[in-house]
Each structure stands twice: as structure tokens, then as C-alpha cells.
Amino acid sequence: MQTRKLGRTGPQVAQLGLGLMGMSDLYGPADRKESLATIRAAMEAGVTLLDTGDFYGMGHNELLVAEALAAGGRDQVQISVKFGAMRDPAGNWIGIDTRPAAVKNFAAYSLKRLGVEHIDIYRPARLDPDVPIEDTVGAIAELVKAGHVRHIGLSEVGSETLRRAHAVHPIADLQIEYSMISRGIENGILQTCRELGIGVTAYGVLSRGLISGHWSKQRQGEADFRGLASPRFQGENLDRNLELVEKLRAIAGELGVSVAQVAIAWVAAQGQDIVPLVGARTRVRLEEALASTRVRLSATDLARLEQAVPVGAAAGNRYDAHSTTVLDSEKG
């Protein structure tokens, strides 16, 4: 598999990364045996970037990674870990903590659960409104100096925060939602990343399955994050968004690929500094996503896709009002 470099200072990674959250949390039940097999299959196919978080299943996801790596291959992958999101025993979100002492505490537990000597990319999951980003990045920089962390990343922050953080220590990449129907990064953030030499790891490239080609009206109301907290998956919004998917399906059909493959390829085509993260939970979905790396979209293809799904075409917000407060620490 071809590779891309995460920013000027980050690691060289495969052009497609694997996001592991859904194997532990938020998207309904997952099969542990299939999850492990999917991680191993991804590694065997050349995927090197494994993205996790210490709060995905309250440690479950990191233990899953450790089990997958027990069969070998640690030196072939880069593990990206998000920290700082706090949850209560019921799984409710109760805030963000990125104080320097907390940073080092979270890192210590992640290293233990993962069973590794270092974390390749370590990043706060969201901006902590009570802690200057300089303090948080400074604490991670100390972990870098001590050899516990290799690179520093950020997640879902804006241009000003990127600049302040980068002035303390080089930032390898920004992890942020980016898809054909979630394009907020284009309002200055992507430009700032490129100015500073910061790579982008794009999650939500299929908009949580909405533009995967596999979602349907019949699945509305499923008791996971999407049906409960994402207006895009509800009511008339869902009807309008599925109409967009059908437009994509028509173009994908002409290209001889699936809707998911054209959606992933679209993100990858936005720049060599962007690495799409796919949240495949099964080997079947992984195989479909891997095939997107062979899709080459021409300028004409990209123009047709833009016409079919222009900026702002999606109906509904990504999150409901409560989730926006918790998950979108900073906009713009």
C-alpha cells in the first residue's frame, strides 16, 4: 500500500488508516473475535495507522489493540491515542481534562493497557476550555522527551489553537471529521494545517455510515449513537440525506465502484497530506474500504461529485444540541 507523511514532522503511514472506536463503543454490539480478525487483516493488507482512544469502551479498545498486537507486528504500526474525555460508570460523558498531571496519568494507563513502550501519536480528544493548549502540549512534549510518546497530534480544534500549540512543539497531525457532507475543515482549518506543515487524519469519511451506501430508512431509530444523537439520521433529514446517497450511487455505478469507495476516494483526493480513517468493524467492510485505494478520480469525476453533493447539501447537524456541547469544543 502506498504511504503518506503526516505533516513535516510526523511519521510515514499507509494511505488509509483504521479507526477502532466502533469495535468497543457507540455503534452497537461488536463481535470481539471479528474485531481482532479485522485488525489483523488490516495489518496484513499494509494498514499501519491504528486509531484508538483511552475512553473508547473505557479502556476496552486499548486492550483490544494489545490483544491484536500480541500476535506480532508492533513495529509495523503506528498507534494513535486520544485522551482527556471523561466518563462515569454508566458511560455518560462528563467533561474534558487535559491538565498536565492528567495528561501524564492518562498516558501511563494507556501504555499499560496497550502493552507498549511508547505511543506513536498522542492527542487530546477535544479542547479543554479550562486549560491553555500550551500547558497540555507542553506536558505531552515532556512525554516525547522521556521517550513515552513519539509525536503530538490534536483533534477537532480550530486555526488559532493549531498555531498556539504548534508554537510549543511541532504538531504532526490534526484529526478532524471530513467527508463529502462534513466540510467544515475547508473554512480555514485545512489552510492553516498546510501553512504550518500539519497533516490531517480524517475521520467520519463515510459520515458514520450515512454515505456508506449501506444505511437505509429501515435502520432509523437503531439504539446507537447515530439514532439517538445525530439529527442527520432522523426523520426528514434522513430522507434528504439518503437522496444524496442515491446521487452518489449513480456516479459510483458508472465508475464501477461502491458508494463507500467513491466517498473514501474523494477524501483521499483532497490532498496527499490527508489520510482517511475508516471505521470498518468487519473484514467484509474492511475489504470494501481497502479497494478505495485503487480508485482514481479524475478532475471530471470530482466535478460531478461536487455537483451531486455540493457544500452544505446535508440536512441536519452532525450532533444534537447536548452532544455538540460535549463533542465540539471549538469551531472554526
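Anything mentioned here points back to the structure above.
Residues numbered from 1 in each chain as written. Predicted model: local features only at pLDDT ≥ 70, side-chain atom pairs only at ≥ 80, totals over all residues. Heavy atoms only, no water.

1. A word on the nonpolar core
Leu18, Ile39, Tyr122, Leu154, Leu162 and Leu174 are the most contacted members of the largest nonpolar core, which totals 86 residues. Within the second largest apolar cluster, seven residues are counted, among which are Leu6, Val13, Tyr203 and Leu277. (Core = buried A, V, L, I, M, F, W, Y, C linked by side-chain atoms within 4.5 Å. Buried < 20%, exposed > 50% of the residue type's maximum accessible area, 1.4 Å probe, protein only.)

2. Points about the pairing of strand 9 (residues 149-155)
Of all seven residues that make up strand 9, six are buried, and the element is covered over most of its length. Sheet topology note: the strand 8 (residues 119-124)/strand 9 ladder contains three bridges and is parallel. By the bridge assignment, Ile119 is partnered in strand 9 with Val149. In the classification by handedness, the crossover that spans strand 8, the intervening helix 4 (residues 133-146) and the parallel strand 9 is right-handed. For strand 9 and strand 10 (residues 171-177), the ladder comprises four bridges, and the chain directions are parallel. Counterpart to Ser155 in the pairing with strand 10 is Gln175. (Helix = DSSP H or I, 4+ residues; strand = E, 2+ residues; numbered from the N terminus. Pairing = 2+ DSSP bridges. Right-handed = clockwise from strand over helix to strand, strands pointing away.)

3. Let's talk about unusual backbone geometry
For Met58, which is not a glycine, the phi torsion comes out positive at approximately 50 degrees. Here Met58 is to be found in the loop between strand 4 (49-53) and helix 2 (60-69).

4. So, the packing of aromatic side chains
All told, the structure shown has five aromatic pairs when counted by the stated rule. Here Phe55 and Trp93 contribute two aromatic rings whose centre-to-centre distance is 5.8 Å and whose plane-to-plane angle is 75 degrees, an arrangement assigned as edge-to-face. Of the two residues, Phe55 is situated in the loop between strand 4 and helix 2 and Trp93 in strand 7 (residues 93-96); the sequence distance between them amounts to 38 residues. Judged by its relative accessible area of 27%, Trp93 falls in the partly exposed class. Ring geometry for Phe83 and Tyr122: centres 4.4 Å apart, planes at 20 degrees, overall stacked. Of this pair, Phe83 sits in strand 5 (residues 78-83) while Tyr122 sits in strand 8, and the two are 39 residues apart along the sequence. Each residue in the set Phe55, Tyr56 and Trp93 is aromatic and connected to the rest through ring pairs, giving one cluster. (Phe/Tyr/Trp six-rings, centres within 6.5 Å; stacked < 30°, edge-to-face > 60°.)

5. Looking at the pattern of salt bridges
Under the definition given, this model contains 16 salt bridges. In this structure, the salt-bridge partner of Arg87 is Asp25, at a minimum N-O distance of 2.3 Å. With Arg87 in strand 6 (residues 85-87) and Asp25 in the loop between strand 3 (17-19) and helix 1 (32-44), this pair connects stretches of sequence that are 62 residues apart. Assigned by exposure class, Arg87 and Asp25 land together as buried. Here Asp97 makes a salt bridge to Arg99, at a shortest N to O gap of 2.8 Å. Overall, the relative accessible area of 10% leaves Asp97 in the buried class. It is possible to trace a salt-bridge network through shared partners that takes in Arg183, Glu186 and Glu306. (Salt bridge = Lys/Arg side-chain N within 4 Å of Asp/Glu carboxyl O.)

6. Focus: helix 2
Here helix 2 lies mainly inside the structure; seven of its ten residues are buried. Of the residues making up helix 2, those classed as buried are Asn61, Glu62, Leu64, Val65, Ala66, Ala68 and Leu69. On the buried face of helix 2, the contacting elements are helix 1, strand 4, strand 5 and helix 3 (100-114). (Contact = heavy atoms within 4.5 Å.)

7. Quick notes on the packing of helix 2 against helix 3
Two elements in contact, helix 2 and helix 3, have axes whose closest approach is 7 Å; the angle formed by their N-to-C orientations is 40 degrees. By the angle between their directions, the pair helix 2 and helix 3 is classed as oblique. Contact residues: helix 2 offers Glu62, Leu63, Val65 and Ala66, while helix 3 offers Ser110, Arg113 and Leu114. Across the contact of helix 2 with helix 3, the residue classes tally to four nonpolar, one polar and two charged. (Axes fitted to C-alpha atoms, helices over the stretch in contact; angles between N-to-C directions. Parallel < 35°, antiparallel > 145°, perpendicular 65-115°, else oblique. Nonpolar A, V, L, I, M, F, W, Y, C, P; charged D, E, K, R; others polar.)

8. A word on the pairing of strand 4
Here strand 4 lies mainly inside the structure; five of its five residues are buried. Burial along strand 4 is two-sided: Leu49, Asp51 and Gly53 facing one way and Leu50 and Thr52 facing the other are all buried. By the bridge criterion, two bridges tie strand 3 to strand 4 in an arrangement that is parallel. Its bridge partner being in strand 4, Gly19 is matched across the sheet by Asp51. As a crossover connection, the stretch from strand 3 through helix 1 into strand 4 is right-handed. Two elements, strand 4 and strand 5, share five bridges in a ladder whose sense is parallel. From the neighbouring strand, Thr52 faces strand 5, where its bridge partner is Val81.

9. Remarks on the packing of helix 5 (residues 159-168) against helix 6 (residues 189-196)
Helix-helix packing is characterised by the crossing angle of the two axes and by the distance between the axes. Closest axis-to-axis distance for the helix 5/helix 6 pair is 9 Å, and the angle between their directions is 20 degrees. One finds that helix 5 runs roughly parallel with respect to helix 6. Between helix 5 and helix 6 lies a crossing whose hand is right-handed. Counting all contacts with helix 5, which are made through Ser159, Leu162, Arg163 and His166, the residues of helix 6 involved are Ile189, Thr192, Cys193, Glu195 and Leu196. Here the residues of the contact of helix 5 with helix 6 are counted per class, giving four nonpolar, three polar and two charged. (Left-handed = near helix turned anticlockwise from the far one by under 90°.)

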